[in-house]
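The residues making up each chain are set out below.
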Amino acid sequence: LLFEFVAAVSVNGIEPSSGAESTLVTITGQNFAFTSELACTFGAVLTAATFVNSTALTCAAPALNNGTVLVRVTTNGVEWSSSSVAFTYASVPSLTSLLPIAGSVAGHTAVNISGSGFTASSLCRFGAAIVKPTLALPTLLICASPAHVVGSVPVEVSNNKLDWSNSGLEFAFIADIELSAVL
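Everything numeric in this text was worked out from a predicted model, so none of it was measured.

**Q** Honestly, the sheet that holds strand β8 (residues 85–89) in this entry has me stumped. Any pointers?
**A** The pairing of strands in a sheet comes from backbone hydrogen bonds and takes either a parallel or an antiparallel form. Spatially, eight strands are ordered β1-β3-β6-β5-β4-β7-β8-β2 in an open sheet, and the strand pairing comes out mixed. The sheet is open, and its two borders are formed by β1 (10–15) and β2 (18–19), each paired with just one other strand. Where strand β3 (residues 24–30) lies against strand β6 (residues 56–60), five bridges are found, and the strand directions are antiparallel. What sits directly across from I27, in β6, is L57.

**Q** What should I look at first to understand empty space enclosed by the protein in this one?
**A** Take a probe with the size of a water molecule and roll it over the atoms, and the empty space left behind shows itself. Tallying each qualifying case throughout the model produces one cavity of 30 Å³ or more. Space inside the largest cavity adds up to approximately 60 Å³. Together, S18, G19, A20, A90, S91, V92, P93, S158, N159, N160 and D163 line the largest cavity. Taken together, the residues of the lining of the largest cavity break down into four nonpolar, six polar and one charged.

Reading the values: rules and limits
Residues numbered from 1 in each chain as written. Predicted model: local features only at pLDDT ≥ 70, side-chain atom pairs only at ≥ 80, totals over all residues. Heavy atoms only, no water. Pairing = 2+ DSSP bridges. Helix = DSSP H or I, 4+ residues; strand = E, 2+ residues; numbered from the N terminus. 1 Å grid on protein atoms, 1.4 Å probe; cavity = no way out; pocket = protein on both sides within 12 Å on 5 of 7 lines; lining within 4 Å. Points joined across faces, edges and corners; volume = space filled by probe spheres on them. Nonpolar A, V, L, I, M, F, W, Y, C, P; charged D, E, K, R; others polar.

If you want it as structure tokens, here you go:
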């Protein structure tokens, strides 16, 4: 019989700290090891973990109701970290409308985004460009459009930079009109 002493696993961080089902989180801590029993618990729900290195691993958040749960780690399936980190389940934001639906290629158009599930940490994404709202209420965000070439881009919202809405709404960037003469 061979016994091996291993240092106790501890956790001290999680990124992102909020999200929806299937959000891939990175958990940081100490003494993580590459084993077949490496796992996380979100509350009482067990999920497999992927080893990154001795201080980081990833887990996909399992399906749970909205609310906050404690996350712990094991490397042997028996002993769990005595420390934990909090993960808050929140629905992915939902968008219902944009107003206006078009603006200048120069950007700076104040766009009212209506929907639900918005928080103070919500971000707006116009195509690939991410902008912070100038106003964030639970059902309304106001975001300034970024500069962009002529064309339409999808507009989506996230509360954690990872889980984005899937609204199908688009914002059109139009060329500025130049007045060449007044008759």
